[in-house]
Amino acid sequence: MKIAITGTTGRVGSRLLPRLRELDHDVRTLNGRLEDTNAVREFVDGVDAVVHVAAALRTSTDFEGVNVHATRALAEASKDVPLFVHISTNLVYPGGLGRPATEDDPADPDQAFGDYPRTKALGERAVLDTREAAILRLAFVYGDRDPHLEESLRWASTWPGHQRLQLVHHVDVAQAVAKVLERNATGIFNIADDSPLTSVELHQLNGLTPSEAVQQDFDPWQGIVSTIRAQRELGFRPRYPSAWAAAVSDAL
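Every value quoted in this text rests on a predicted model; they were computed, and no experiment measured them.

Chemist: Talk me through the pattern of salt bridges; I want residue IDs and the actual numbers.
Modeler: Pairing between side chains becomes possible if they bear opposite charge and their charged atoms approach one another. For the coordinates displayed, the defined rule picks out 11 salt bridges. The salt bridge partner of Asp129 is Arg125, with a shortest N-O separation of 3.1 Å. Taken together, the positions of Asp129 and Arg125, both in helix H4 (residues 115-130) and four residues apart, correspond to about one turn of that helix. Under the relative-accessibility criterion, Asp129 is labelled exposed at 56%. On the accessibility criterion, Arg125 (45% relative accessible area) is partly exposed. The residue Arg145 makes a salt bridge to Asp250 at a minimum N-O spacing of 3.7 Å. A residue pair is termed long-range when its members are at least 10 positions apart, and Arg145 in the loop between strand S6 (140-142) and helix H5 (148-151) and Asp250 in the segment after helix H10 (243-248) qualify at 105 residues. On the basis of relative accessible area, Asp250 is assigned to the exposed category, the value being 58%. Through salt bridges with shared partners, a single network forms among Arg11, Asp146 and Glu151.

Have a look at this one:
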């Protein structure tokens, strides 16, 4: 397939790009900014699929511009492209569900998580209001020497020992995208591994002794999603069902 992919300088996109090329896809990257209308039109012209990975993350000052407005413009410029794959986050789900979040739950992120999930939810809506698309809601991405696991202790160091974080390896992000491309799939899919890690385990994977629990009131299902739809409809199976499996395989 001819694929146009955004965000190839970021942690997810930079690891996804070579894996798509290894599958013999003809992949092009964006020469310019998402805000450059002419560059975007040239970027998507004649491709079979657009994979939109680019996003304003936690250190950005332009969440609305990138995650909402530029995303909508890219979707509009891609109306003639057969498949649009939008990379999102499982942080768009609300807390307090009392169970793993499913794709049928509303995108209503907790305000405590800030502008990133709020604008990612708006970006999803901007895409779906514009065209059919596959929305992949990723858990906390790690692996391939990505420093994310170490950075998780910015929050996990204050969590109760049994509070959990769900993850997905970069290999499995690429697997999910490949499955969508193979099946020309549309709809919303949760992409995550099978074994959310506790705060204690996050410390252990970083070679540290867990600190004493600080927060006591929390929803144990916050940030935990069901991947049943992705498994049934895409045939998605995590190659690394947990971060422990990745550690044993020296893939962290």
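Having seen the structure, we can now continue with the description.
Chemist: Tell me what's going on with the layout of surface pockets, and back it up with residues and numbers.
Modeler: Here the second largest pocket is characterised by a volume of approximately 170 Å³. As for the second largest pocket, its lining consists of Arg19, Glu22, Leu23, Val171, Ala174, Gln175, Ala178, Lys179, Glu182 and Arg239. Counting only elements with at least two residues in the lining of the second largest pocket, the list comes to helix H1 (11-22) and helix H7 (170-183). With six residues, the top contributor of residues to the lining of the second largest pocket is H7. Residue composition of the lining of the second largest pocket, grouped by class: four nonpolar, one polar and five charged.

Chemist: Got a sec to walk through empty space enclosed by the protein? Specific residues and values, please.
Modeler: Scanning the entire structure with this criterion turns up one cavity of 30 Å³ or more. Size it by volume and the largest cavity reaches roughly 40 Å³. Forming the boundary of the largest cavity are Asn90, Leu91, Tyr93, Pro94, Phe113, Gln222 and Gly223.

Chemist: So, the packing of aromatic side chains: which residues are in play, and what are the values?
Modeler: Applying the stated criterion to the full structure yields one aromatic pair. Ring centres of Phe140 and Trp155 lie 5.5 Å apart, and the angle between their planes is 85°; this geometry places the pair in the edge-to-face category. Here the residue Phe140 occupies a position in strand S6, and Trp155 occupies one in helix H6 (residues 153-156), the gap between them amounting to 15 residues. Looking at Phe140, the relative accessible area reads 11%, which means it is buried.

Chemist: Got a sec to walk through the sheet that holds strand S9 (residues 187-191)? Specific residues and values, please.
Modeler: Here we have six strands laid out as an open sheet, ordered S2-S1-S3-S4-S5-S9, and parallel in their pairing. Strands at the two margins of the open sheet, each flanked by one partner only, are strand S2 (26-29) and S9. Strand-to-strand twist across the sheet, computed as the mean angle between neighbouring axes with direction ignored, equals 20°. Note: strand S3 (residues 49-52) against strand S4 (residues 83-89), four bridges, orientation parallel. By the bridge assignment for S4, Ala49 is matched with Leu83. Across the sheet, helix H2 (residues 37-44) lies against strand S1 (2-5), S2 and S3, angled at about 175° from S2, the strand it touches most.

Chemist: Which residues make up H2, and what are the values?
Modeler: Turning to H2, its buried residues are Ala39, Val40, Phe43 and Val44. With its buried residues spanning 120° around the axis, H2 presents them on a single face. Turned more than 90 degrees away from the buried face of H2 sit Asn38, Arg41 and Glu42, all of them exposed. At its buried positions, H2 is contacted by S1, S2, S3 and helix H3 (63-77). With a side-chain oxygen lying 3.3 Å from the backbone nitrogen of Asn38, the N-terminal cap of H2 falls on Asp36. The positive-phi residue at the C-terminal boundary of H2 is Gly46, with phi of around 80°.

Chemist: Give a description of the pairing of S1 that names residues and reports values.
Modeler: Of the strand pairs in this sheet, S1 and S2 are connected by four bridges, and their pairing is parallel. By the bridge assignment, Lys2 is partnered in S2 with Asp26. Chirality of the crossover, the property in question, places the unit of S1, H1 and S2 among those that are right-handed. With three bridges joining them, S1 and S3 adopt parallel strand pairing. Bridging across to S3, Ala4 finds its partner in Val50.

How each quantity is defined
Throughout this document, residue positions are counted from 1 along each chain, in the order its sequence is written. Only residues with pLDDT of 70 or above have their local features reported here, since the model is predicted, and side-chain atom pairs are shown and tallied only from 80 upward, although totals for entire chains, interfaces and linings are computed over all residues. Each side-chain value is derived from all of the structure's non-hydrogen atoms; neither hydrogens nor water enter the calculation. A side-chain nitrogen of Lys or Arg and a carboxyl oxygen of Asp or Glu constitute a salt bridge if their distance falls within 4 Å. Think of it this way: any DSSP run of H or I at least four residues long counts as a helix, any run of E at least two long counts as a strand, and we number them from the N terminus. Partly exposed residues are those whose accessible area sits between 20% and 50% of the maximum for their type, while under 20% is buried and over 50% is exposed, using a 1.4 Å probe and protein chains only. A 1.4 Å probe that fits but cannot get out identifies a cavity on a 1 Å grid over protein atoms alone, an open set with protein on both sides within 12 Å along at least five of seven lines counts as a pocket, and a residue lines either if it has an atom within 4 Å of a point. Grid points are joined across faces, edges and corners, and a volume is the space filled by probe spheres set on the points. Lys, Arg, Asp and Glu make up the charged group, whereas Ala, Val, Leu, Ile, Met, Phe, Trp, Tyr, Cys and Pro make up the nonpolar group; the residues left over, Gly among them, are polar. Aromatic contacts are taken between Phe, Tyr and Trp rings whose centres are within 6.5 Å, Trp giving its six-membered ring; a plane angle under 30 degrees counts as stacked, one over 60 as edge-to-face, and the others as tilted. When DSSP finds two or more bridges between two strands, those strands count as paired. Working convention: axes come from line fits to C-alpha atoms, limited for helices to the stretch in contact. Angles between N-to-C directions cover 0 to 180 degrees. Whether two residues are in contact is decided by their heavy atoms: any pair within 4.5 Å suffices. The arc refers to the directions leading from the helix axis to the C-beta atoms. Contacts described as polar in this section are N or O atom pairs within 3.5 Å, which, within protein, must combine one atom able to donate a hydrogen with one able to accept it, while residues neighboring in sequence count only if both atoms come from side chains. The path from the first strand over the helix to the second decides the hand: if it runs clockwise while the strands point away from the viewer, the crossover is right-handed.

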